[in-house]
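Below are the chains, spelled out letter by letter.
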Amino acid sequence: MLLGVNIDHVATLRQARYALLPDSPNAEPSPLQAALDAQAGGADSITIHVRGDRRHMQERDAFEVRSGSSLPLNFEMGVTEEMIAMALRLKPEFACLVPETREEVTTEGGLDVLSRLEEVNACTKRLQDAGIKVSLFIDPDLPQIEAAAECGAEMIELHTGCFANAENEDVAVEVDRLVEAARVAAGMDLQVNAGHGINYRNLSQLFMVPHLSELNIGHTIVSRAVQVGMTAAVREMKEAMAAYQG
Ligand SMILES: CC(=O)[C@@H](O)[C@H](O)COP(=O)(O)O
Ligand SMILES: NCC(=O)COP(=O)(O)O
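This structure is a prediction, so every number in the text was calculated from the model and none was measured. Residue indices follow the written sequence of each chain, beginning from 1 at its first position. The lettering of chains begins at A and the numbering of ligands begins at 1, in the order of writing. In view of the model being predicted, local features appear only for residues whose pLDDT reaches at least 70, and side-chain atom pairs are presented and counted only at 80 or more, with totals across whole chains, interfaces and linings using the full set of residues. As a rule here, side-chain values come from all non-hydrogen atoms in the structure, and water together with hydrogens is ignored.

Caption draft 1: Molecular detail of the sheet that holds strand 2 (residues 45-49). An order of 1-2-3-4-5-6-7-8 is seen for the eight strands of this closed barrel, with the pairing classed as parallel. Averaged over all neighbouring strand pairs, the angle between strand axes comes to 25°, with direction disregarded. In this description, strands pair whenever DSSP reports at least two bridges between them. A run of DSSP states H or I qualifies as a helix once it reaches four residues; a run of E qualifies as a strand once it reaches two. Both are numbered from the N-terminal end. Sheet analysis places strand 5 (residues 133-138) next to strand 6 (residues 155-159), joined by four bridges and oriented parallel. Among the inter-strand pairings, L136 is bridged to a residue of strand 6, identified as I156. Whether two residues touch is decided by their heavy atoms; if any such pair falls within 4.5 Å, the residues are in contact. Between N-to-C directions, angles cover 0 to 180 degrees, with each direction set by a line fitted to C-alpha atoms, over the stretch in contact for helices. Contacts from helix 8 (residues 169-187) reach strand 6 and strand 7 (191-195) within the one sheet, and its direction differs from that of strand 6 by about 175°.

Caption draft 2: Local environment of unusual backbone geometry. Each neighbour pair has its own omega, and for E28 with P29 the value is -5°, a cis peptide bond. Along the chain, P29 falls in the loop between helix 1 (8-18) and helix 2 (31-40).

Caption draft 3: Looking closely at the environment of S213. Residue placement: S213 occurs in strand 8 (residues 212-217). Taking relative accessible area as the criterion, S213 reaches 27% and is therefore assigned partly exposed. For the pair formed by S213 and E157, sequence separation is 56 residues and the distance between their alpha carbons is 9.8 Å. In this view, S213 contacts M1, L2, Q191, V192 and N193; residues no more than four positions away in its chain are not counted. Any residue under 20% of the maximum accessible area for its type is buried, any over 50% is exposed, and the rest in between are partly exposed; the area is computed with a 1.4 Å probe on protein chains only.

Caption draft 4: Molecular detail of the UniProt feature "binding site: 3-amino-2-oxopropyl phosphate" (unreviewed entry) in the chain. UniProt positions are given in the numbering used here, feature names are shortened, and annotations may be inferred rather than shown by experiment. Under the local residue numbering, the UniProt record ascribes the feature "binding site: 3-amino-2-oxopropyl phosphate" (unreviewed entry) to N6, R17, G197, G218 and H219. For the residues just named, distributed over 214 residues, the greatest C-alpha separation reaches 25.3 Å, placing them at more than one site. In the annotation above, N6, G197, G218 and H219 are the residues that line the largest pocket. Looking at where N6 falls in the secondary structure, it is placed in strand 1 (residues 2-6). In this structure, N6 is in contact with T47, E76, I217, G218 and V222, ignoring residues within four places of it in sequence. Secondary-structure assignment places G197 in the loop between strand 7 and strand 8. With near-sequence residues (within four places) excluded, G197 lies in contact with A164 and N202. We place a 1 Å grid over just the protein atoms. Points where a 1.4 Å probe fits but has no way out form a cavity, open points with protein on both sides within 12 Å along at least 5 of 7 lines form a pocket, and any residue with an atom within 4 Å of a point lines it.

Caption draft 5: Layout of the pattern of salt bridges. Think of a salt bridge as a Lys or Arg side-chain nitrogen and an Asp or Glu carboxyl oxygen that are within 4 Å of each other. Going through the model one piece at a time under the given rule, you end up with 14 salt bridges. Between R224 and E236 there is a salt bridge, with the nearest N and O atoms lying 2.8 Å from each other. Placement of R224 in helix 9 (residues 219-228) and of E236 in helix 10 (residues 230-245) is noted, with a sequence separation of twelve residues between them. Looking at R224, the relative accessible area reads 31%, which means it is partly exposed. Each of D23, R60 and E64 takes part in salt bridges that share partners, so that together they form one network.

Caption draft 6: Structural detail: the nonpolar core. By nonpolar core is meant a set of buried Ala, Val, Leu, Ile, Met, Phe, Trp, Tyr and Cys residues that side-chain atoms within 4.5 Å join together. Ranked by internal contacts, the top residues of the largest apolar core, which has 71 residues, are I7, I46, M77, L97, L136 and M230. No other element matches helix 8, which puts seven residues into this core.

Caption draft 7: View of the UniProt feature "active site" (unreviewed entry) in the chain. UniProt records the feature "active site" (unreviewed entry) at H49, E76 and H196, using the numbering of this structure. Across 148 residues, the annotated set stays spatially compact, with a maximum C-alpha separation of 12.5 Å. Checking the annotated residues one by one, the ones that line the largest pocket turn out to be H49, E76 and H196. Position of E76 relative to the elements: it lies in strand 3 (residues 73-77). You can call E76 buried: its relative accessible area is 9%. With residues up to four places along the chain from it excluded, the contact list for E76 reads N6, T47, I48, H49, V50, C96, V98 and E157. Looking at the secondary structure, you find H196 in the loop between strand 7 and strand 8. Given the relative accessible area of 23%, H196 is considered partly exposed. Setting aside residues up to four positions removed in sequence, H196 forms contacts with T106, T107, F137, H159, T160, G161, A164 and N216. N or O atoms closer than or at 3.5 Å make up a polar contact, with two conditions inside protein: a donor-capable atom paired with an acceptor-capable one, and, for residues adjacent in sequence, both atoms drawn from side chains. A polar side-chain atom of H196 sits 3.4 Å from the main-chain carbonyl oxygen of T107.

What follows is the structure, encoded as structure tokens:
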């Protein structure tokens, strides 16, 4: 199972001091350095989410990582003309279509492909025509999986936020949702990834979900990196994944 490291919140720390001084030579921490350090720790890809409100990652960060890192780039983006144009210039290996609202603290759910089918389908085709593979970030709900397959996306990323936020007996319910969703998606020849809220404590339960190709993990790794450094934080996650994979 592969590990995609989302470095968004390295930029959150930078923006806390340099949002008004974007071109300062002192601006730190550096997302590019974080990507290089993540690679040293064994990251298989880098995820960057340039949000419409630019709360963390900036367009410049995405292009600096694209040119400075040799790892595959997974560009998370809203389904907007602005982000489609950016993706076509950036040329990431992967684009993951995610929902965005300004008032959210973090992504609160999966992309509602079903109700935006025509829009998501058109966006998917434009990206694929440019050689970019498309992942749809969706809730583990069967109608959304069917809609994702209808759009011709190569892969889905199951939103694990409900699993991560679940408590007590609800955890098993959410794991069962992910298991069923992964089985159905794999049966439709979709690559199955997962992400959002995965951490060092809940990681083991995701190994009950079949057919998972990649985990996209960010906040917990960046948080750990504040204590031990990005390379060590990524290495710890990779070692934990290897141990659970057996
Ligand atoms: C789609 C997803 O779950 C995350 O990868 C996304 O980046 C969350 O947004 P923030 O990083 O802004 O919390
Ligand atoms: N798509 C999920 C992701 O990239 C990272 O989410 P999180 O680990 O920061 O919650």
